[in-house]
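# Structural features, examined
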Amino acid sequence: MKRILYEDLETALKAREAKIAVLGQGYIGLPTSLLMARAGFTVYGFDVNRNLIDELSRGETRLKQEKGIAELLDDLKERNYFPTEDLSELYESDVVLIAVPTPKGRDGPNLSMVLSALESALKVVRRGGLIVIESTLPPGTFYDLIIPTVESSGLEVGKDIYLAYCPERALPGKLLQELVQNFRIIGVVDEKSGILAKTLYESFVEGGIEIVDPLTAEMVKLVENSYRDVNIAFANEVARMCEVLGVDVRKVRELANKHPRVNMLIPGIGVGGSCLTKDPWFLFWASQERGYRPNLIKRARELNAEMPFHYAGILDELVRQLRGGRSGVIAVLGSTYKGDVPDPRESPVEPFVKELVKRGHAVKVYDPLVRSSFGGEYVPDISEAVKDADSIAFVTDHTEFKMLDLRKLRKAVKKDGPVILFDGRLLFEPEEAEEAGFIYISVGRPYTILERSLVTIED
Ligand SMILES: NC(=O)c1ccc[n+]([C@@H]2O[C@H](COP(=O)([O-])OP(=O)(O)OC[C@H]3O[C@@H](n4cnc5c(N)ncnc54)[C@H](O)[C@@H]3O)[C@@H](O)[C@H]2O)c1
């Protein structure tokens, strides 16, 4: 067999003539495949999910709300991009990129899919080829698990095979834009792997690239998300304090943020998304195992996870108070984890809805971007969703909701009697909601005071 030299691969990458296999065609793998195909490479998009590959082969994508993806798929399919579930089509790939899930297990990360994909990568990559892992790795995984797995197949990293970790940090809703514009970090243990990986990413990344050791790359990815989680938790902690102390968090935040060195985030009913809800745990477990327990990160994660239950409990209590102890109809507006982002994964709306359903309420869910309803009833029209509502809960900060005329919304409720507007994302001013005819409650506002002003309807 022809021995392919390192220089050959660098030349092939520069000329964009390499054969690339991408394992995993989800949120990250598909757009990354398409960007490399657009850059001129021949890209095989492999996935173990046959339905997904069938759809892609027909030119259909589950990411149609992501700007530009459907068009790129249409343009590149069967030209530079080939979706497949047949591993044999990937044989002798010059580059294999791994973008499979790394979910959180009960007490630790679940790396089974990464290891299984790595096994596939080792079968299909050519000798002297490059393997890049984009899936999130807990700190220490590259050194302790990835390199030993690769070398146990008889290949020496930096000589027979090149290996890099390039953690992905793109935001659903802006995937193509961020995959191109974000600054990239690439973790490697040898210089040649760094040069090859950088050459590959330079074909489509415009935001800059820095080569570091893999442990630093693993840490950076997780620190970024933990930073966000801790900062949101701080805002949520202030909101919870305001509720019991009798202050409105809006005013507190507004005035505190006038200080030149304060930038408090907006509190809300919780934090979601596939990364923010697991990355702090990856950091926590890895550090704890090695002797330091990062309690701040743990407590922040727990606090954020408690938020949807806390507000479901309050809403349950207030609706029952309003209805003489009976459960009611609650319209939940929004199901994605973030405004204008078409991704419902790990959304805090899920536990919020489930808790309300568990407590006996009829929950109707409307979201303009996705159809997830988490055990509530999905209603595709906002007027229909609120028609019989005793309460309307805003739980996602979609632009569509911020633009709503609350007077019109109040009129869309056809049921007699008071209606509670629960503002889980601080989208409205209390006065505006009250003038429209709602009983207004929100995150970070002393609901106990409002409780007293509620009109109780007896049977
Ligand atoms: N989605 C995001 O916003 C985001 C952002 C940054 C980082 N990440 C990370 O990127 C990685 C991928 O996430 P995603 O959101 O694209 O996941 P996803 O669930 O959207 O897609 C992963 C795909 O991998 C496939 N798969 C599973 N095992 C496989 C295997 N052995 N071989 C081939 N395919 C396999 C699945 O069928 C699925 O289609 C994860 O580690 C995640 O933490 C995701």
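Provided above is the structure to which this section pertains.
Residue positions are counted from 1 within each chain, in the order its sequence is given. In view of the model being predicted, local features appear only for residues whose pLDDT reaches at least 70, and side-chain atom pairs are presented and counted only at 80 or more, with totals across whole chains, interfaces and linings using the full set of residues. Water and hydrogen atoms play no part in the side-chain values, which are based on all heavy atoms of the structure.

### Thoughts on the overall build of the protein
Put simply, the rule is: For the purposes of this entry, the term helix denotes a DSSP run of H or I that reaches at least four residues, the term strand denotes a run of E that reaches at least two, and both are numbered from the N terminus. Every radius of gyration here is taken over C-alpha atoms, with the globule rule written as 2.2 Å times N^0.38, N being the number of residues. Accessible area is worked out with a 1.4 Å probe on protein chains only. A residue is then buried under 20% of its type maximum, exposed over 50%, and partly exposed in between. The contact definition used throughout considers only heavy atoms, calling two residues in contact when any of these lie within 4.5 Å. Areas reported as accessible are Shrake-Rupley estimates using a 1.4 Å probe. Residue values count occlusion only from the protein chains shown. Charge counting treats Lys and Arg as positive and Asp and Glu as negative, with His and both chain ends excluded. Charged side chains are reduced to one point each, which is NZ for Lys, CZ for Arg, CG for Asp and CD for Glu.
The helix and strand tally for the protein stands at 18 helices and 14 strands. Here the C-alpha atoms of the protein give a radius of gyration of 25 Å, agreeing with the 23 Å that 2.2 N^0.38 yields for 459 residues. Principal-axis analysis of the C-alpha atoms places the extent of the protein at approximately 85 × 50 × 40 Å. Going through the 459 residues of the protein one by one, you find that 57% of them count as buried. Pairs at least 24 residues apart make up 73% of the contacts formed inside the protein by residues separated by at least 6 positions. For the protein, the computed accessible surface area is about 19900 Å², with 51% contributed by carbon and sulfur atoms. Side-chain charges in the protein split into 59 positive and 70 negative, and the spacing between the mean points of these groups amounts to 2 Å.

### Details of the packing of aromatic side chains
Quick reminder of the rule: We call Phe, Tyr and Trp rings a pair once their centres come within 6.5 Å, taking the six-membered ring for Trp, and we label the pair stacked below 30 degrees between planes, edge-to-face above 60, and tilted otherwise. Placement of a positive charge over a ring is assigned whenever Lys NZ or Arg CZ falls within 6 Å of the ring centre and within 35 degrees of the normal to the ring plane.
Scanning all chains against the criterion turns up 10 aromatic pairs. Measuring from centroid to centroid gives 6.2 Å for Tyr366 and Phe401, while their planes differ by 55°, and the two rings are tilted. Of the two residues, Tyr366 sits in strand 10 (residues 362-366) while Phe401 sits in helix 15 (residues 399-402), which places them 35 residues apart along the sequence. Phe401 matches Tyr366 in its accessibility class, with the two residues each being buried. Linked through ring pairs, Trp281, Phe282, Phe284 and Trp285 together constitute an aromatic cluster. For the cation-ring pair, Arg345 lies above Tyr27, with the distance from its terminal atom to the ring centre recorded as 3.7 Å. Taking NZ or CZ as reference, Arg410 lies 5.9 Å from the ring centre of Phe438, over its face.

### Notes on helix 3 (residues 50-57)
Side chains of residues three or four places apart in an α-helix project in the same direction, reflecting 3.6 residues per turn. Here is the rule we go by: Here, the arc refers to the directions that run from the helix axis to the C-beta atoms. Nitrogen and oxygen atoms within 3.5 Å of one another constitute a polar contact, given that in protein one can donate a hydrogen and the other can accept it, and given that sequence-neighbouring residues count only through two side-chain atoms.
When helix 3 is considered as a whole, its buried residues turn out to be Leu52, Ile53, Glu55 and Leu56. The arc enclosing the buried residues of helix 3, seen along the axis, measures out at 160°, which places them on a common side. Those residues of helix 3 that are exposed and angled more than 90 degrees off the buried face are Arg50 and Asn51. In this structure Asn49 caps helix 3, since a side-chain oxygen of it lies 3.1 Å from the backbone nitrogen of Asn51. Just downstream of helix 3, Gly59 is the residue with a positive phi angle, here 85°.

### Quick look at the packing of helix 1 (residues 6-14) against helix 8 (residues 191-202)
Relative orientation and spacing of two packed helices are given, respectively, by the angle between their axes and the distance between those axes. Put simply, the rule reads: Structural elements are reduced to axes, namely lines fitted to C-alpha atoms, with helices fitted over the stretch in contact, and the angle between N-to-C directions of any two is expressed from 0 to 180 degrees. Oblique is the label for any angle not under 35 degrees, not over 145, and not in the 65 to 115 range, which are roughly parallel, roughly antiparallel and roughly perpendicular in turn. Left-handed describes a crossing in which the near helix is turned anticlockwise from the far one by less than a right angle; the clockwise case is right-handed. Charged means Asp, Glu, Lys or Arg here, nonpolar means Ala, Val, Leu, Ile, Met, Phe, Trp, Tyr, Cys or Pro, and polar covers whatever is left, Gly included.
Contact geometry for helix 1 and helix 8: axes closest at 9 Å, N-to-C directions at 15°. On the basis of the axis angle, helix 1 is roughly parallel to helix 8. Regarding helix 1 and helix 8, the two cross each other, and that crossing is left-handed. Note on element contacts: helix 8 touches helix 1 through Lys192, Ile195, Leu196, Thr199 and Leu200, opposite Tyr6, Leu9, Glu10, Leu13 and Lys14. Residue composition of the contact of helix 1 with helix 8, by class: six nonpolar, one polar and three charged.

### Some details on the sheet that holds strand 14 (residues 439-442)
Threshold: One requirement defines pairing of two strands: DSSP has to find at least two bridges between them.
The sheet built from six strands is open, its strands ordered 11-10-9-12-13-14 with parallel pairing. Of all strands in the sheet, those bounded by a partner on one side alone are strand 11 (377-378) and strand 14. Here strand 10 pairs with strand 11 via two bridges, running parallel. Bridge pairing links Val365 to Tyr378 in strand 11.

### Structural notes on the pairing of strand 3 (residues 81-84)
Taking every second residue as pointing to the same face, both faces of strand 3 are buried, with Tyr81 and Pro83 on one and Phe82 and Thr84 on the other. With four bridges joining them, strand 2 (residues 42-46) and strand 3 adopt parallel strand pairing. Along strand 3, the bridge assignment pairs Phe46 with Thr84.

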